[in-house]
Amino acid sequence: METVLITGAAGFIGSHLCDRFVKEGYFVIGMDNFLTGTPENIAHLFGEPNFKFVKYDVTNYIYVKEKVNIILHFACPASPVDYLNHPIHTMKVDSLGTFHTLGLAKEKKSGHIITTKTEHHAVLHTCQALEKQGFEITYLNVDKYGQVNPKDVEKSIRPNTILITIIYANNEIGTINNIKEVSKITKKHNIPFHTDACQAGLLDLNVENLGVDLMTLNGSKIYGPKGIGLSLIHISEPTRPL
């Protein structure tokens, strides 16, 4: 049985994730300090043999004695009201909390991620930071048109590959990658697939058609407010979590 650690477990999103993973047969360790999350959100899970709760503030060093296969970090006040009430702690959770969860991932042996050399800096810099935390990153080359070959993606998959992230439309040269073909490969190997679609506002963004599990969008590129972003998570079918 695989073990998943969920920080922010007593929050709205975290509690729903706890429910989902318990139902799917995982051993779930829920972690929360109840600053904004409430015990009522997870009270029904107490007594479940596959659920363990730890009251803890993730801005401190995180120690988990169990072997951990999956870490989902959601310990951050999501409500604007909560943010206004706890601005300093929110920033600490964003920075120190992320640092400590990445440290735990490194301690528990992190996985392998596949991306391309032509991603936006938002993805490349994140991958570079993850490398420093112990993750293995494969940066794929592209052809003369700036496109990645789906066959190269499949050749790079390893037993410990936990994520593939390929840009949909390049922000500098406008190249459009064959996201549908890549998604066929990721589904074949049961690996979560993320695409940066911030520059693809005029293209097909239907996740059902594209076959992606995670999509990032930028509001200002699709006539939305400047500074607003969207991270879409497709959960209609169980996928191998991060």
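For clarity, every value in this text was computed on a predicted model and none was experimentally measured.

### Considerations on helix H6 (residues 179-188)
So, point 1. Those residues of H6 that fall on the buried side of the exposure criterion are Ile179, Val182, Ser183, Ile185 and Thr186. Projected down its long axis, H6 shows its buried positions confined to an angular sector of 160 degrees, all on one face. Across H6 from its buried face, at more than 90 degrees, point the exposed residues Lys184 and Lys188.
So, point 2. For H6, the secondary structure elements touched by its buried residues are helix H5 (150-155), strand S7 (161-165), strand S8 (193-196) and helix H7 (207-210).

### Thoughts on the sheet that holds strand S4 (residues 70-73)
Backbone-to-backbone hydrogen bonds join strands into a sheet, with any given pair of strands oriented parallel or antiparallel.
So, point 1. Taken in spatial order, the four strands of this open sheet run S3-S2-S1-S4, and their pairing is parallel. The strands lining the two open edges of the sheet, one partner per strand, are strand S3 (51-55) and S4. Geometrically, the sheet is characterised by an average inter-axis angle of 15 degrees between neighbouring strands, direction not taken into account.
So, point 2. Pairing analysis gives five bridges linking strand S2 (residues 27-32) to S3, with the strands arranged parallel. Within S3, the residue paired with Val28 across the bridge is Phe51.
So, point 3. Across the face of the sheet, helix H1 (residues 12-23) comes into contact with strand S1 (3-7), S2, S3 and S4 while running at roughly 170 degrees to S1.

### Quick word on the sheet that holds S7
So, point 1. Strand order across the open sheet formed by six strands is S6-S5-S7-S8-S9-S10, with mixed pairing between neighbours. The open sheet is flanked by strand S6 (136-140) and strand S10 (229-233), the only strands paired with a single partner. For this sheet, the mean angle separating the axes of adjacent strands, direction not counted, is 20 degrees.
So, point 2. Relative to S8, S7 runs parallel, the two being bridged by two bridges. Looking across to S8, one finds that Thr165 is bridged to His194.
So, point 3. Against the sheet, helix H4 (residues 121-132) contacts strand S5 (112-116), S6, S7 and S8, and its axis sits at roughly 145 degrees relative to S6.
So, point 4. Its contacts with the sheet put H6 on S7 and S8, and the angle it makes with S8 is roughly 160 degrees.

Parameters and conventions
- Residues numbered from 1 in each chain as written.
- Predicted model: local features only at pLDDT ≥ 70, side-chain atom pairs only at ≥ 80, totals over all residues.
- Heavy atoms only, no water.
- Buried < 20%, exposed > 50% of the residue type's maximum accessible area, 1.4 Å probe, protein only.
- Helix = DSSP H or I, 4+ residues; strand = E, 2+ residues; numbered from the N terminus.
- Arc of directions from axis to C-beta.
- Contact = heavy atoms within 4.5 Å.
- Pairing = 2+ DSSP bridges.
- Axes fitted to C-alpha atoms, helices over the stretch in contact; angles between N-to-C directions.

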